[in-house]
Amino acid sequence: MGHHFFSIVIPTRNRPDLFLQSLESVLRQDFKDYEVIVSDNSSDFRTRDAFASVGDMGNVAYYRPESELCMPDHWEFATLK
């Protein structure tokens, strides 16, 4: 995604509505030199579908681990992206 001033990491699990509220809050900011890392640790695909509904934003990337992780492992997975 390139080099940005900072990264905003949004780890989420089975809460697509809260995820969308968080993402919308970030995207309302005036400062634009950032990237957003969305890490979906869900047991279903509602968050993936919610992410797909917002379309391509360029500075927002979606990741999903191969299997569900405990919270600390998921946070590490997300921040390493």
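The structure this text deals with has already been given above.
Calculation notes
Here the residue numbering is sequential within each chain, running from 1 through the sequence in written order. It should be noted that, the model being predicted, local features are given only for residues of pLDDT at least 70 and side-chain atom pairs only at 80 or more, the latter also being counted only at that level, while totals for whole chains, interfaces and linings use all residues. Here the side-chain values reflect all heavy atoms present in the structure, with hydrogen atoms and water set aside. Think of it this way: any DSSP run of H or I at least four residues long counts as a helix, any run of E at least two long counts as a strand, and we number them from the N terminus. Throughout, the radius of gyration refers to the C-alpha atoms, and the reference size of a globule is 2.2 Å times the residue count to the power 0.38. Here, two residues are considered to be in contact whenever any of their heavy atoms come within 4.5 Å of each other. In this tally Asp and Glu are treated as negative and Lys and Arg as positive; neither His nor the chain ends contributes. A charged residue contributes its charge at one atom only: NZ of Lys, CZ of Arg, CG of Asp or CD of Glu. A pair of aromatic rings is counted whenever rings of Phe, Tyr or Trp (Trp by its six-membered ring) have centres within 6.5 Å, and the orientation is called stacked for planes under 30 degrees apart, edge-to-face for over 60 and tilted otherwise. For helices, the fitted line uses only the C-alpha atoms of the stretch in contact; every axis is such a line through C-alpha atoms, and the angle between N-to-C directions lies from 0 to 180 degrees. Throughout, a crossing is termed right-handed when the near helix is turned clockwise from the far one, and left-handed when it is turned anticlockwise from it by less than a right angle. Following the grouping adopted for this structure description, the nonpolar residues are Ala, Val, Leu, Ile, Met, Phe, Trp, Tyr, Cys and Pro, the charged ones are Asp, Glu, Lys and Arg, and the polar ones are all others, Gly among them. Within the patch definition used here, like charges are joined within 9 Å and nonpolar side chains (Val, Leu, Ile, Met, Phe, Trp, Tyr) within 5 Å, considering only residues with over 30% relative accessible area and no salt bridge. Working definition of accessibility: Shrake-Rupley area with a 1.4 Å probe, residue cover restricted to the visible protein chains. Here, a salt bridge means any side-chain nitrogen of Lys or Arg that lies within 4 Å of a carboxyl oxygen of Asp or Glu.

Participant: Break down the overall build of the chain for me, with residues and values.
Facilitator: Helix and strand counts for the chain come out as three helices and three strands. Counting from the amino terminus, helix and strand elements in the chain follow one another as β-α-β-α-β-α. A compact globule built from 81 residues would reach a C-alpha radius of gyration of about 12 Å, and the chain, at 12 Å, matches this within 12%. Each principal axis of the C-alpha distribution contributes one length, and for the chain these read about 35 × 25 × 15 Å. In the chain, the proportion of contacts linking residues at least 24 apart, taken out of those at least 6 apart, comes to 71%. One way to put it: in the chain the 8 positive side-chain charges average out to a point 4 Å from where the 13 negative ones average out.

Participant: Could you give an account of the packing of aromatic side chains, with specific residues and numbers?
Facilitator: Enumeration over the complete set of coordinates arrives at five aromatic pairs. Taken together through their ring pairs, the aromatic side chains of Phe-5, Phe-6, Phe-31 and Tyr-34 make up a single cluster.

Participant: Let's hear about the packing of helix α1 (residues 16–27) against helix α2 (residues 46–53): which residues, and what values?
Facilitator: Running from amino to carboxyl end, α1 crosses α2 at an angle of 35°, the nearest separation of the two axes being 9 Å. Our pair here, α1 against α2, has a crossing hand that is right-handed. Contacts between α1 and α2 involve Pro-16, Phe-19 and Leu-20 from the first element and Arg-46, Thr-47, Ala-50 and Phe-51 from the second. For the contact of α1 with α2, a count of residues per class yields five nonpolar, one polar and one charged.

Participant: Pulling in residues and values, what's your account of a nonpolar patch on the surface?
Facilitator: Taken together, Phe-5, Phe-6 and Phe-31 make up a surface patch of nonpolar side chains, about 330 Å² in accessible area. By secondary structure assignment, the location of Phe-5 is in the segment before β1 (6–12).

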